[in-house]
Amino acid sequence: GEDVEQSLFLSVREGDSSVINCTYTDSSSTYLYWYKQEPGAGLQLLTYIFSNMDMKQDQRLTVLLNKKDKHLSLRIADTQTGDSAIYFCAESMKSGYNKLIFGAGTRLAVHP
Amino acid sequence: NAGVTQTPKFQVLKTGQSMTLQCAQDMNHEYMSWYRQDPGMGLRLIHYSVGAGITDQGEVPNGYNVSRSTTEDFPLRLLSAAPSQTSVYFCASSSAPGTSGITRKYEQYFGPGTRLTVT
């Protein structure tokens, strides 16, 4: 079945770049997403990429998609303390575009 | 717009009790979904709806019921609460494909969550 995997924890120094990685299994996914969750809050869509794209840039965020390896990454440039949160990778299910499969989330800790 | 709202924010139930988690959205979205989030796991889809009067099961539907009598509301019912249902529950909504432009075609908007503990 569909599965999404992420590393659970990442620690970076303020000002450095962060790279959060994700692998997925459903090669027919149409969209892949990155969501951010701050403590006690719901999920906020950060960015997404359509499956026929290799890269998408949105201000400090860069998403890279390697379809051959089914690997997705999110790079945050100039990471700030406000970026500390849990980041979820998600793919749209083959059977329905509004149904998402989420990874377990990567907790990003930014330290001075 | 309030977006997606959920009530209550916190709830403690005893095993066997029933209750309804409320979810409402004011964005006129056709699609609504319920997810649960457990520690160390991603969100898992419980039930979803593609419009008023239409619901379907997600990945983990057992022990939950839903109905969609209006576009705005999508309540989740726990029929007989069990400790395994202790979780944080998120409701989400999105517009139907093709109605909101290609750049936000599949964006789901999430509510703030309901933290449920079953003892």
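What you see is a predicted model; the values in this text were computed from it and never measured. (Residues numbered from 1 in each chain as written. Chains lettered and ligands numbered in written order. Predicted model: local features only at pLDDT ≥ 70, side-chain atom pairs only at ≥ 80, totals over all residues. Heavy atoms only, no water.)

> I tried to follow the pairing of strand β7 (residues 61-66) of chain A on my own but got confused; where do I start?
Along any regular strand the residues' side chains alternate between the sheet's two faces. All names here are of chain A. As paired elements, strand β6 (residues 55-58) and β7 share four bridges and run antiparallel to each other. Along β7, the bridge assignment pairs Q57 with T62. Relative to strand β8 (residues 71-76), β7 is paired through six bridges, and the arrangement is antiparallel. The partner of T62 across the bridge, within β8, is R75. Here β7 folds back onto β8, and the loop between the two strands holds four residues, one of which, K70, carries a positive phi near 55 degrees. (Pairing = 2+ DSSP bridges. Helix = DSSP H or I, 4+ residues; strand = E, 2+ residues; numbered from the N terminus.)

> How should I be thinking about the interface of chain A and chain B in this particular structure?
The figure often quoted for interface size is the accessible area lost as the parts come together. Contacts between chain A and chain B engage 21 residues on the former and 24 residues on the latter. The contact between chain A and chain B buries some 1800 Å² in all, and 56% of this surface belongs to carbon and sulfur atoms. The tally of links between chain A and chain B comes to zero salt bridges. Every element with two or more residues in the side of chain A that touches chain B is listed here: β4 (31-37), β5 (43-50), β9 (85-93) and β10 (96-102) of chain A. Here the side of chain A that touches chain B takes six residues from β10(A), the largest share from any one element. Here the side of chain A that touches chain B is composed, by residue class, of 14 nonpolar, six polar and one charged. (Contact = heavy atoms within 4.5 Å. Buried area = accessible area lost by both parts, 1.4 Å probe. Salt bridge = Lys/Arg side-chain N within 4 Å of Asp/Glu carboxyl O. Nonpolar A, V, L, I, M, F, W, Y, C, P; charged D, E, K, R; others polar.)

> Could you clarify how one ought to interpret the state of the cysteines in this entry?
Every disulfide links exactly two cysteines, by a covalent bond between their sulfur atoms. Residue and element names in this part refer to chain B. Following the criterion strictly, the structure yields two disulfides over all chains and no others. With its sulfur 1.8 Å from that of its partner, C23 forms a disulfide with C91. What sets the handedness of the C23 and C91 disulfide is the S-S torsion sign, and at about -70 degrees it is left-handed. Taken together, the residues C23 in strand β3 (residues 19-25) and C91 in strand β9 (residues 87-94) connect sequence positions 68 residues apart. The same class applies to C23 as to C91, namely buried. (Disulfide = S-S within 2.5 Å. Buried < 20%, exposed > 50% of the residue type's maximum accessible area, 1.4 Å probe, protein only.)

By themselves, these are just geometric observations and shouldn't be taken as functional.
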